[in-house]
Amino acid sequence: MKNLYLIFFFLLFFNNHLWAQDKDDINETDIASGAIFDDKALLEGYTNKYADQSKDILLAMIADDSLGAYKCTAAVRVFKDKYANEVLSKDKAQIIKVLIRRLNRTDSPFLQVQIMHTLIVLDRYQYFESMVPTLIQKMDHYNPVVSAMAYDDLLEITKNSLYPREARIVFETLRKIFFLSRNHLQVITSPNLNLRQKLDLLRWSIRILGTQELKRLPSEVINLL
């Protein structure tokens, strides 16, 4: 009889433990490493789940520090895609405050990328210069989902831009990265996906700034363009 009680206890304990993992997000370290779940599938699942939520509900979720990183990332993404372009000027300051507060409190690269993009959508002039260089750096993140998110967001941010100021920020950020990695670039004959993506962003900036900027790049980059 005693053995039956022990078996019942262990089944109850492990079932509750597994249920808790299904209900709540795993800790930030596991999320960042991609060691437990398919990050992309989880993020897309939560995004679909929250797709019909109202703006106020999404902002309440973003402001909730107890909400896990996957769920909060999805909430920010839905808010960005559905509501960020429609926010009235009188409401922007408070929403930006909520986003920056959450950005400063999270270690999740998924959430960081989505918040930075959203801040640019809300106030492009103020946040482009500070957020875009960080998004470019996120392209080098070891988690391929984070890297892909950062690049996709940068494409979305730059696709319709013809502003020299913005092109200059992208160009100078990439120029610095390329100079720091010259030794590595010397031995590359066929760029990998990550480098091809950086070169695409570089070409975009040069189209706006002019080909005279090519003289300011390392020769190793010229050979790859």
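Parameters and conventions
- The residue numbering used here restarts from 1 in each chain and proceeds along that chain's sequence as written.
- Only residues with pLDDT of at least 70 are given local features in this predicted model, and only at 80 or more are side-chain atom pairs given and counted; all residues enter the totals for whole chains, interfaces and linings.
- To get the side-chain values, all heavy atoms of the structure are used, and hydrogens and water are removed first.
- To get an axis, fit a line to the C-alpha atoms, keeping to the stretch in contact for a helix; angles then go from 0 to 180 degrees between the N-to-C directions.
- Secondary structure elements follow DSSP: runs of H or I no shorter than four residues count as helices, runs of E no shorter than two count as strands, and numbering proceeds from the N terminus.
- Every angle not falling under 35 degrees, over 145, or within 65 to 115 is termed oblique; those three ranges are roughly parallel, roughly antiparallel and roughly perpendicular.
- Handedness of a helix crossing follows the sense of rotation of the near helix relative to the far helix, less than a right angle counterclockwise being left-handed and clockwise being right-handed.
- What makes two residues a contact is simply this: any of their non-hydrogen atoms within 4.5 Å.
- Amino acids outside the nonpolar list (Ala, Val, Leu, Ile, Met, Phe, Trp, Tyr, Cys, Pro) and the charged list (Asp, Glu, Lys, Arg) are all regarded as polar, and Gly is one of them.
- Centres within 6.5 Å are what make two rings of Phe, Tyr or Trp a pair, Trp counting through its six-membered ring; a difference in plane orientation under 30 degrees is then read as stacked, over 60 as edge-to-face, and the rest as tilted.
- Buried means the residue's accessible area, taken with a 1.4 Å probe over protein chains only, is under 20% of the maximum for its type, while exposed means over 50%, and partly exposed covers the values in between.
- By definition, being over a ring means that NZ of Lys or CZ of Arg is both within 6 Å of the ring centre and within 35 degrees of the ring normal.
- Here a helix's expected span is defined as the number of its residues, less one, multiplied by 1.5 Å.
- In this tally, Asp and Glu contribute negative charge and Lys and Arg positive charge; neither His nor the terminal groups of the chain are included.
- By convention in these notes, a salt bridge is any Lys or Arg side-chain nitrogen within 4 Å of a carboxyl oxygen on Asp or Glu.
- Note on terminology: a nonpolar core comprises buried Ala, Val, Leu, Ile, Met, Phe, Trp, Tyr and Cys residues joined through side-chain atoms within 4.5 Å.

Contact geometry for helix α9 (residues 144-158) and helix α12 (residues 193-209): axes closest at 11 Å, N-to-C directions at 15°. By the criterion of interaxial angle, the relationship of α9 to α12 is roughly parallel. The handedness of the crossing between α9 and α12 is left-handed. Where α9 approaches α12, its residues Ser-147, Tyr-151, Leu-154 and Thr-158 are matched on the opposing element by Asn-194, Gln-197, Asp-200, Leu-201 and Trp-204. The residue inventory of the contact of α9 with α12, partitioned by class, reads four nonpolar, four polar and one charged.

On to the packing of aromatic side chains, then. Each aromatic ring pair is characterised by the separation of its centres together with the angle its planes make. All chains considered together, the criterion is met by three aromatic pairs. Here Phe-79 and Tyr-83 contribute two aromatic rings whose centre-to-centre distance is 6.4 Å and whose plane-to-plane angle is 35°, an arrangement assigned as tilted. Across this residue pair, the class does not change: Phe-79 and Tyr-83 are buried. One Lys or Arg, Arg-165, reaches over the ring of Tyr-125 and ends 4.3 Å from the middle of that ring.

Now for helix α10 (residues 164-180). With 17 residues, α10 extends 24 Å from end C-alpha to end C-alpha; this agrees with the ideal 24 Å at 1.5 Å per step. By the burial criterion, the buried members of α10 are Glu-166, Ala-167, Ile-169, Val-170, Phe-171, Thr-173, Leu-174, Ile-177 and Phe-178. Where α10 is buried, its residues contact α8 (124-138), α11 (182-185), α12 and α13 (219-224).

Here we come to the side chain of Lys-80. Note on placement: Lys-80 falls in helix α5 (residues 69-82). With near-sequence residues (within four places) excluded, Lys-80 lies in contact with Gln-114, His-117, Thr-118 and Val-121.

Moving on to the side chain of Asp-153. The topology assignment puts Asp-153 in helix α9. It is Lys-80 that comes nearest to the buried, bridge-free Asp-153 among opposite-charge side chains, at 4.7 Å. For Asp-153, the residues in contact, after removing those within four places along its chain, are Val-113, Gln-114 and His-117.

On to the nonpolar core. Core analysis: the biggest nonpolar cluster contains 64 residues, and Ile-62, Phe-79 and Leu-202 have the highest contact counts within it. With eight residues, the top contributor of residues to this core is helix α7 (residues 109-122). Discounting residues that sit within four places of it in the chain, Leu-202 has contacts with Phe-171, Leu-174, Phe-178, Leu-217, Val-221 and Leu-225.

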